[in-house]
Amino acid sequence: MSSTQQRLEELRQAIRRHDELYYVQSRPDISDAEYDKLYRNLQSLEQEFPDLITPDSPTQRVGGAPLPQFQKSQHEFPLLSLDSEMSEDSVRTFDERVRRDLDEAEVGYSAEPKFDGLSVELTYVQGMFVRGATRGDGTIGEDVTHNLRTIRTLPLRLKEGTGFPPHLVVRGEVFIRLPDFHQLNQRLTELGEEPFSNPRNSASGTLRQLDPQLTAKRPLTITCYDFMNDGEGKPATHFDAVFCLEAWGLPIPQFRQNCPSIEEALAFHRTMADQRDSLPFEIDGIVIKVNRFDWQRQLGEKSRSPRWAIAYKFPARKELTKVRAIAVSVGRTGALTPIAMLDPVDIGGVTVSRASLHNVEEVARKDVRVGDTVKVERAGDVIPDILERVDIPGEQRTEPFIPPAQCPVCQSHTLQEGPVLYCTGQTVCSAQLKGSLEHYVSKGAMNIDGLGKKTIAQFVDEELVKDLGDLYTLKKEQLLGLEGFAEKSATQLMDGLEKSKEAALPRFLIGLGIRHVGSHIAKVLAQHYGGLEKIQLASEEDLQAIHEIGPEIAASVKSFFQEERNLHVIQRMKDLGVHVEEIEVVLGELFQPFAGVSFVLTGTLEDFTRDEAKQKIESLGGRMMTSVSKKTDYVVAGRDPGSKIEKAQSLNVTVLNESGFKALLSDSILPKS
Ligand code: IVH
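All of the points below concern the structure found in this document.

The rules behind the values
- Here the residue numbers are simple positions, counted from 1 along each chain's written sequence.
- Residue-level local features of this predicted model are given only where pLDDT is at least 70; pairs of side-chain atoms are given and counted only at 80 or more, and the full residue set underlies all totals for whole chains, interfaces and linings.
- Hydrogens are left out, water is left out, and the side-chain values use all remaining heavy atoms of the structure.
- A helix here means a DSSP run of H or I that spans at least four residues, while a strand means a run of E at least two residues long, and both kinds are numbered starting from the N terminus.
- Taken over C-alpha atoms, the radius of gyration is set against a globule rule of 2.2 Å times the number of residues to the power 0.38.
- Exposure classes here rest on a 1.4 Å probe applied to the protein chains alone. A residue is buried below 20% of its type maximum, exposed above 50%, and partly exposed in between.
- Contact criterion: two residues are considered in contact whenever any of their non-hydrogen atoms come within 4.5 Å of each other.
- Accessible areas in this description were obtained via Shrake-Rupley with a 1.4 Å probe; residue shielding takes into account the shown protein chains only.
- Asp and Glu are treated as the negative residues and Lys and Arg as the positive ones, with His and the ends of the chain left uncounted.
- The atom standing in for a charge is NZ when the residue is Lys, CZ when it is Arg, CG when it is Asp and CD when it is Glu.
- Throughout, a disulfide means two cysteine sulfur atoms within 2.5 Å of one another.
- Each residue after the first adds 1.5 Å to the expected span of a helix.
- Every angle, taken between N-to-C directions, lies between 0 and 180 degrees, and every axis is a line fitted to C-alpha atoms, over only the stretch in contact when it is a helix.
- Oblique is the label for any angle not covered by the other classes, which are roughly parallel (under 35 degrees), roughly antiparallel (over 145) and roughly perpendicular (65 to 115).
- Put simply, Ala, Val, Leu, Ile, Met, Phe, Trp, Tyr, Cys and Pro go in the nonpolar bin, Asp, Glu, Lys and Arg in the charged bin, and everything else, Gly too, in the polar bin.
- The near set for a molecule or strand comprises every residue that places at least one heavy atom within 4 Å of it.
- N or O atoms within 3.5 Å of each other form a polar contact, as long as, within protein, one can give a hydrogen and the other can take it, and as long as residues adjacent in sequence are counted only when both atoms are side-chain atoms.
- Patch members must show over 30% relative accessible area and no salt bridge, and they are joined within 9 Å when carrying like charges or within 5 Å when they are nonpolar side chains of Val, Leu, Ile, Met, Phe, Trp or Tyr.
- The working definition used for a salt bridge is a side-chain nitrogen of Lys or Arg within 4 Å of a carboxyl oxygen of Asp or Glu.
- Pairs of strands are assigned from DSSP output, requiring at least two bridges between the strands.
- Among buried residues, the Ala, Val, Leu, Ile, Met, Phe, Trp, Tyr and Cys ones that are joined through side-chain atoms within 4.5 Å form a nonpolar core.
- Classification of ring pairs uses Phe, Tyr and Trp, with its six-membered ring standing for Trp, and accepts pairs whose centres are within 6.5 Å; under 30 degrees between planes counts as stacked, over 60 as edge-to-face, and the remaining range as tilted.
- In this scheme, Lys NZ or Arg CZ marks a charge over a ring once it lies within 6 Å of the ring centre and within 35 degrees of the ring normal.

**Some words on the overall build of the chain**
Across its full length, the chain carries 24 helices and 24 strands. Radius of gyration (C-alpha) of the chain: 28 Å, near the 26 Å computed for a compact globule of 673 residues. Seen along its three principal axes, the alpha-carbon backbone of the chain occupies a region of about 75 × 75 × 55 Å. When burial is assessed residue by residue, the chain has 47% of its 673 residues classed as buried. Contacts in the chain between residues far apart in sequence, at least 24 positions, make up 68% of those at least 6 positions apart. Total accessible area computed for the chain in this model is approximately 32700 Å², and 49% of it derives from carbon and sulfur atoms. Side chains of the chain give 80 positive and 100 negative charges; the mean places of these two sets differ by 1 Å.

Below, the structure is given as structure tokens:
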């Protein structure tokens, strides 16, 4: 091997290791900048020696032009589906049948979540990822190798020296994690594109994109749950086989259970059902598989599903109910949202009595009227959706919903823009003012604690606050006169407001509530201009020249800053002591979401050493301090924390446990202002 080849291989190996640490294990051990440097070195060396580029090089994840269409790909093994069961009794019946057919008193199972994504078959030859295909009809699928290559959690080659078989066929599920899904949709909305209706659709749309460049920009992930081919070295059980997949470098389900009998599998179902709403990805049940491969073979398959596995689903999240009334709520932008008030119905353990109808056009499209029977779906903790109206023959229907001509809160006339109806009473509409105040103080924007919906409503209703600027005129004595305020809570709020006066630019931009400016566009603007004044003065052409900003966003930003009323409020905020921090514009550098945020670590973390945590925080622009003070933003508490926790509590500093800290890292939340 030439020395260049050797150097290339070293770089590739280092990058692969960091990819795995970052994407699979979520515990990177170098900064993003260091990673970028490695990557750029590899790229330029490969440019110099194009003959030495190998298909498994990390630079080759995205390659080639869009395809005219997908090739068909014949599966080596049929990709079967699973029979579904809905109750413990029917799962026990499955177990009885299995034990009877095998003539065994006890049969062990392996249980895993049932991921709600798309099933794919992956083929590795001599450790190299050579082919990946969608399920298709189970026998023939679509060749989506190029798109799968863009998934960072999927290794392009298996780990050297781990004893993988020369030919390996694996089955897995491609999906999008919920935070990534929400971020993607927010981004699409900000860019004026149509958002996806659910994570599964977005994963499927993305995997079946003909342009791999586009797929690469979308946050797909994958988990592998089936080792399909036989051969030497294959363990005797499914549970152990999945361990092998992990050892060879493939991502596997984080939660799974080795079950000596069906009872443990039933318990796993209960645990996962409890956790379902707090998981960062969607699952719709668990999969229970006979653990021993020889027993799987003995049981065999029916035409489309195996006799050795079942899906034990969670209760449906869709139910039928009736619409009692259609109410209309007014948000901070003045958008009127029709809300269906429903006959209360239990959907998968939660009582639902209202569902969003999003906008007036949707009410018309779905033709939902008072008295109608509708199918309602609940997903996670978000407000439920009406999927469709269900036609009941013979049922008497009421008149169609008439979009209100006046705002139900301030009576100003309404105006339709696209599918949305708006209230025109911007300055006089108390609903809009309440909405903008709630938005300004919210976690994603200025993150001011101690200002809930109720308090804001009081401020507005008692006319203490007539615009955003008025927040900074509030006096402690005024608060003490209000319901629900005591010395401590009033002091807390005054402190929170005081602290928010040193405002980070992106957070302040988000807080202003400019239409189409969410966290992504706010970051883009902040990074491009560096200061509020420059953004205020930017022309529409100038704004549009920024890669991510289209005509709609540019127009919205410009018109916001042309509006006298808005400029007046911003000026007042400044006069009252609000200082919007400028940020250094560094071309080509990553935005540092923790700029200005200080952390204190106490106790031992499971997944990071002290230095790793420090490095991670600093690579995102934050600072790690040794002692807790009023200026500390977060105390991260690991195992056996010290007295720093009490200090933090007495100073009202947010304390995060390790998973909270990880969530903060992975959400790459904006800096606290
Ligand atoms: S095993 C014969 N395990 O569920 C074994 N499937 O209808 C079949 N799925 O199309 C697959 N999570 O896409 C298996 N942990 C898991 C799974 C899983 C999700 C999907 C798979 C399949 C469908 C079954």
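**Focus: the state of the cysteines**
On inspection of all chains with the given rule, the structure shows zero disulfides. As a non-bridged cysteine, Cys-244 has Cys-224 as the owner of its nearest cysteine sulfur, 13 Å distant. A relative accessible area of 18% means that Cys-244 is categorised as buried. This cysteine, Cys-423, is not joined by any disulfide, and Cys-410 carries the nearest cysteine sulfur, 3.6 Å off.

**Quick word on helix H12 (residues 430–441)**
Every α-helix winds through 3.6 residues per turn, so residues three or four apart in the chain are directed the same way. Taking 1.5 Å per residue, 12 residues should reach 16 Å; H12 reaches 17 Å between its end C-alpha atoms and fits that length. Among all positions in H12, only Ala-431, Gln-432, Leu-433, Gly-435, Leu-437, His-439, Tyr-440 and Val-441 are buried. Along its buried surface, H12 packs onto strand S12 (318–330), strand S18 (420–423), helix H13 (453–461), helix H16 (505–512) and helix H21 (564–575).

**Brief notes about the packing of helix H20 (residues 551–562) against H21**
Axis separation between H20 and H21 bottoms out at 5 Å; the angle between their running directions is 70°. One element, H20, and the other, H21, form an angle in the roughly perpendicular class. Listed contacts from H21 to Phe-560, Phe-561 and Gln-562 of H20 are Glu-564, Asn-566, Leu-567 and Ile-570. Its residues assigned to classes, the contact of H20 with H21 shows four nonpolar, two polar and one charged.

**Examining the site of the ligand**
Close to the ligand lie 15 residues; Glu-112, Phe-115, Ser-119, Glu-173 and Lys-289 are nearest. Phe-115 places a main-chain nitrogen or oxygen 3.0 Å from a nitrogen atom of the ligand. Tyr-225 is positioned such that a nitrogen or oxygen atom in its side chain is 3.3 Å from an oxygen atom of the ligand. Broken down by secondary-structure element, the contributors of at least two residues to the shell around the ligand are strand S3 (109–115), strand S7 (167–176) and strand S10 (283–290). The dominant element in the shell around the ligand, judged by the number of residues it contributes, is S3, at four residues. A class-by-class count of the residues in the shell around the ligand yields eight nonpolar, two polar and five charged.

**Overview of a nonpolar patch on the surface**
A surface patch of nonpolar side chains, about 240 Å² in accessible area, is lined by Tyr-22, Tyr-23 and Val-24. In this structure, Tyr-22 sits in helix H1 (residues 3–24). Among the residues examined, Tyr-22 registers a relative accessible area of 37% and is labelled partly exposed.

**Considerations on the sheet that holds strand S5 (residues 128–134)**
Across the sheet, four strands lie side by side as S5-S4-S7-S8; this open sheet has antiparallel pairing. Each end of this open sheet is capped by a strand with a single partner; those strands are S5 and strand S8 (220–227). Taken pair by pair, the neighbouring strands of this sheet meet at an average axis angle of 35°, ignoring direction. Sheet topology places S7 next to S8; seven bridges connect them, and they run antiparallel. The partner of Val-170 across the bridge, within S8, is Phe-227. Against the sheet, helix H6 (residues 199–207) touches strand S4 (118–125), S5, S7 and S8, its axis set at about 130° to S7. The sheet strands contacting helix H8 (residues 238–247) are S7 and S8, and the helix crosses S8 at an angle near 135°.

**Quick look at the pairing of strand S13 (residues 336–347)**
Bridge count for S12 against S13 is seven bridges, and the pairing is antiparallel. Looking across to S13, one finds that Ser-329 is bridged to Thr-337. Adjacent in sequence and paired antiparallel, S12 and S13 are bridged by five residues, among which Gly-334 carries a positive phi angle near 90°.

**Points about the sheet that holds strand S23 (residues 634–637)**
What the four strands build is an open sheet, ordered S22-S21-S23-S24; its pairing is parallel. The open sheet has two edge strands, strand S22 (623–625) and strand S24 (654–656), and neither has a second partner. Within this sheet the neighbouring strands show an average axis-to-axis angle of 35°, counted without direction.

**Here's the deal with the environment of Leu-279**
Mapped onto the elements of the fold, Leu-279 is located in the loop between helix H9 (262–275) and S10. Setting aside anything within four residues of it in sequence, one finds Leu-279 in contact with Leu-178, Phe-255 and Met-272.

**A few points about the packing of helix H5 (residues 178–190) against helix H17 (residues 519–529)**
Interhelical geometry of H5 versus H17 gives an angle of 65° and a closest axis separation of 8 Å. Accordingly, the angle class assigned to the pair H5 and H17 is roughly perpendicular. Contact residues: H5 offers Gln-186, Arg-187 and Glu-190, while H17 offers Ser-519, His-520 and Ile-521. Residues that form the contact of H5 with H17 fall into these classes: one nonpolar, three polar and two charged.

**Considerations on the nonpolar core**
Tyr-440, Phe-508, Leu-525 and Phe-561 are the most contacted members of the largest nonpolar core, which has 52 residues in total. Of all the secondary-structure elements, those providing two or more residues to this core are H12, H13, helix H15 (487–500), H16, H17, helix H18 (532–537), H20 and H21. With six residues, H17 is the single largest residue contributor to this core. Ignoring any residue separated from it by four or fewer positions in sequence, one finds Phe-561 in contact with Leu-509, Leu-512, Ile-514, Leu-532, Ile-535, Gln-536, Leu-567 and Ile-570. If you look at the next biggest cluster of nonpolar residues, it comprises 34 residues, including Ile-151, Phe-164, Leu-207 and Leu-250.

**Things to note about the packing of aromatic side chains**
On inspection of all chains with the given rule, the structure shows 13 aromatic pairs. Measuring from centroid to centroid gives 5.4 Å for Phe-239 and Phe-243, while their planes differ by 90°, and the two rings are edge-to-face. Of this pair, Phe-239 and Phe-243 are both found in helix H8, four residues apart, which corresponds to roughly one turn of the helix. Look at Phe-243 and you get partly exposed, because its relative accessible area is 41%. Linked through ring pairs, Phe-599, Phe-608, Tyr-634 and Phe-661 together constitute an aromatic cluster. Its end group placed over the ring of Phe-243, Arg-256 keeps NZ or CZ at 4.6 Å from the ring centre.

**Quick notes on the pattern of salt bridges**
Per the counting criterion, the structure on display carries 48 salt bridges. Notably, a salt bridge pairs Arg-12 with Glu-9, separated by 3.1 Å at the nearest N-O pair. Of this pair, Arg-12 and Glu-9 are both found in helix H1, three residues apart, which corresponds to roughly one turn of the helix. The partner of Lys-476 in a salt bridge is Glu-487, and the shortest N-O contact between them spans 2.6 Å. In this pair, Lys-476 is assigned in helix H14 (residues 476–480) and Glu-487 in helix H15, connecting sequence segments 11 residues apart. Accessibility expressed as a relative area gives 46% for Glu-487, which makes it partly exposed. Where salt bridges share partners, they join Glu-9, Arg-12, Arg-16, Glu-46, Asp-56, Arg-157 and Glu-160 into one cluster.

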